[in-house]
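So the chains spell out like this:
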Amino acid sequence: MAESALEQLLGRARGPMGPSAELDFGVESGPLSELGAVISRINGFFLFNAGIQVFRVGAEGAEGLGPDLLAWNDEGTWKDTYNGLADDLFCFGQDIFGTQFGIVGGEEVVRFDPESARVTPLGTSLEAWAQWLLADPDVNGTASFSYAFQQQNGALDPGDRLVPLQFFIAGGGYDFDNFAVRDAVTAMRIRGPIAQQVHDLPDGATIRISVG
């Protein structure tokens, strides 16, 4: 029997990021059930040269590395800066740029753009998410960029992500000097107010970003 895409990902995982933990969302099927099983097996991990991070569960500090899954999804951590645009999202991971991967309504796995708060459906299971990542690890998993950036600039701390100095939505590129390292919470809070301004704009619209 062929190995599932999710099993292939777990075989590549670098972790755990926290001590063993049992996570049960109280559902028998669907992506939340899959997530509980994944975290119970490997409590937080990285993939693709740390281009993808899946959050751990557990207290901050010596007990684990990187964001805690439940604290990350607390409204006051960063979602409040999106003024409702992220409220339906239960985030379980992110890429090196802070693009979020989450579950909506306990049924749909999505990609959440931190600059625009736009949601892209990926499927109805973590297996579908894994298939999407494996279909193009360099684009969907930021694998090559993550490797090259950290080779030149040093490894990111598990709690850090990259923020473009000129946002992607404003034409910013992927040159290394266009990125600043920020802790993951700050990286999201910087972009929440921007996402509020651009979320409903049509493609090609002129953007006048107001910061502060």
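Residues numbered from 1 in each chain as written. Predicted model: local features only at pLDDT ≥ 70, side-chain atom pairs only at ≥ 80, totals over all residues. Heavy atoms only, no water.

Some words on the pattern of salt bridges
A full pass over the atoms with the stated rule returns 2 salt bridges. The residue Glu7 makes a salt bridge to Arg41 at a minimum N-O spacing of 2.7 Å. Highlighted residues: Glu7 in helix H1 (residues 5–12) and Arg41 in helix H2 (residues 31–41), separated in sequence by 34 residues. The class of Glu7 is partly exposed, set by a relative accessible area of 30%. Note that Arg189 is salt-bridged to Asp80, the shortest N-O span being 2.8 Å. Taken together, the positions of Arg189 in helix H7 (residues 184–198) and Asp80 in the loop between helix H3 (69–72) and strand S3 (89–95) put the pair 109 residues apart, joining distant regions of the chain. Its relative accessible area of 32% is what places Arg189 among the partly exposed residues. (Salt bridge = Lys/Arg side-chain N within 4 Å of Asp/Glu carboxyl O. Helix = DSSP H or I, 4+ residues; strand = E, 2+ residues; numbered from the N terminus. Buried < 20%, exposed > 50% of the residue type's maximum accessible area, 1.4 Å probe, protein only.)

As for empty space enclosed by the protein
Following the criterion strictly, the structure yields 1 cavity of 30 Å³ or more and no others. Leu6, Leu10, Leu35, Val38, Phe45, Val54, Phe92, Leu126 and Trp129 are the residues that line the largest cavity. Elements with a minimum of two residues in the lining of the largest cavity: H1, H2 and helix H4 (126–135). (1 Å grid on protein atoms, 1.4 Å probe; cavity = no way out; pocket = protein on both sides within 12 Å on 5 of 7 lines; lining within 4 Å. Points joined across faces, edges and corners; volume = space filled by probe spheres on them.)

Some words on the packing of H1 against H2
For any two helices packed against each other, one specifies the inter-axial angle together with the distance between the axes. Closest axis-to-axis distance for the H1/H2 pair is 12 Å, and the angle between their directions is 25°. The angle between H1 and H2 falls in the class roughly parallel. For the element pair H1 and H2, the recorded crossing hand is right-handed. Residues Leu6, Glu7 and Leu10 of H1 lie in contact with H2, whose contacting residues are Glu34, Val38 and Arg41. For the contact of H1 with H2, a count of residues per class yields 3 nonpolar, no polar and 3 charged. (Axes fitted to C-alpha atoms, helices over the stretch in contact; angles between N-to-C directions. Parallel < 35°, antiparallel > 145°, perpendicular 65-115°, else oblique. Left-handed = near helix turned anticlockwise from the far one by under 90°. Contact = heavy atoms within 4.5 Å. Nonpolar A, V, L, I, M, F, W, Y, C, P; charged D, E, K, R; others polar.)

Focus on a negative patch on the surface
Residues Asp74, Glu75, Asp87 and Asp88 make up a contiguous surface patch of negative charge. Here Asp87 is to be found in the loop between H3 and S3. Overall, the relative accessible area of 44% leaves Asp87 in the partly exposed class. (Patch = residues over 30% accessible without salt bridge, like charges linked within 9 Å, V, L, I, M, F, W, Y side chains within 5 Å. Areas by Shrake-Rupley, 256 points an atom, 1.4 Å probe, with all protein chains shown as cover. Lys, Arg positive; Asp, Glu negative; His and termini not counted. Charge placed at Lys NZ, Arg CZ, Asp CG, Glu CD.)

Considerations on the environment of Val198
Of note, Val198 is situated in helix H7. Sequence-wise, Val198 and Arg118 are 80 residues apart; in three dimensions their C-alpha atoms are separated by 9.5 Å.

None of the figures reported here should be taken as evidence of function without further support.
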